[in-house]
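So you can see what is in the structure, the chains are spelled out below.
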Amino acid sequence: MHDALTISGLTKTYKDFVLDGVSFSVPSGSIVGLIGENGAGKSTTISATLGLIQKEAGSVSVLGKEELDNEIKEQVGVVFDGSNYPEILSPRKLNRVLKNIYQSWDERTFLSLLKKLPIDKPIKQYSRGMKMKLAISAALSHNSKLLILDEATSGLDPVIRDDILDILLDFVQDEEHSILISSHITTDLEKIADYIVFIHEGKVVFSKPKDELTEQYGIIKCGAAQFDALDKSDIIVYRKMDYEW
């Protein structure tokens, strides 16, 4: 199995944050969930992967190429948190714009994915969930092989979230398509992800198959005496609270 995305030693330094040698891969045909608290480095990793910010060190290979040329960009669908299109447009008008941007634009796919939405209504009148479904539909309509989503399901109601998760599962069914999705909502990733990458304070804590995590790992809450008795080599990460670990 080859990788749709390979990130190796990715490093970026800011005044108050360091993305420190991040490495992981997205196997072709899989969904990889990228988790971590706010400020852990998820969005920085995605921005550096897409060339939106300059990395200081490391390498990124997207669909077998280290250079994001126009051919590769056509095959990568990207969805950020929030609306990314001019909100005075309706989806029908947006369709006319996008088919002049992407050589591989598939109008039929785009309109079929939006069949439950009012496609002549201006985007500014859409709910957050409708805007997100529009963005994902656009990302899937230009022959994308790799889909990258940054907090795409946050703030959505459960019905819309489930609808979007179903779309993502359908996308990878042929094993030629792949997804990297960052999220705070671990229950979403529990439903769809094949692998989980946990990033904390700019470093990858682990990158493992989801099934291995659910079967072999757990969370312990205990007092100080019990914590001291634990074999520290068994602990991946810990947090001290007022009266417990």
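Residues numbered from 1 in each chain as written. Predicted model: local features only at pLDDT ≥ 70, side-chain atom pairs only at ≥ 80, totals over all residues. Heavy atoms only, no water.

A.B. asks: It is not clear to me how helix α5 (residues 128-139) should be interpreted in this structure. Could you clarify?
C.D. replies: Given 3.6 residues per turn, any residue in an α-helix points the same way as the ones three and four places further on. Between its first and last C-alpha, α5 extends 17 Å over twelve residues, near the 16 Å set by a 1.5 Å rise per residue. Across the twelve residues that make up α5, a large majority, ten, are buried. Buried within α5 we find G129, M130, M132, K133, L134, A135, I136, S137, A138 and A139. On the buried face of α5, the contacting elements are β5 (76-79), α3 (91-98), α4 (107-113), β6 (146-150) and α6 (158-171). (Helix = DSSP H or I, 4+ residues; strand = E, 2+ residues; numbered from the N terminus. Expected span 1.5 Å × (residues − 1). Buried < 20%, exposed > 50% of the residue type's maximum accessible area, 1.4 Å probe, protein only. Contact = heavy atoms within 4.5 Å.)

A.B. asks: Sorry if this is basic, but what is going on with the side chain of N95 here?
C.D. replies: Among the secondary structure elements, N95 is positioned in helix α3. If we ignore the near neighbours within four places in the chain, the residues touching N95 are W105, E107 and F110.

A.B. asks: In this structure, what is going on with the nonpolar core? I would like to understand it.
C.D. replies: Note that soluble globular proteins tend to have their nonpolar side chains buried in a common cluster. Core analysis: the biggest nonpolar cluster contains 27 residues, and V79, I136, L147, L149, L168 and I179 have the highest contact counts within it. When residues of this core are traced back to their parent elements, those giving at least two are β3 (31-35), α5, β6, α6, β7 (178-182), α7 (186-192) and β8 (195-200). The element that contributes the greatest number of residues to this core is α6, accounting for five residues. Excluding residues within four positions of it along the chain, L168 makes contact with I31, L147, L149, I179, I181 and I192. Counting 24 residues, the second largest nonpolar core, distinct from the first, contains L10, I46, A48 and L180. (Core = buried A, V, L, I, M, F, W, Y, C linked by side-chain atoms within 4.5 Å.)

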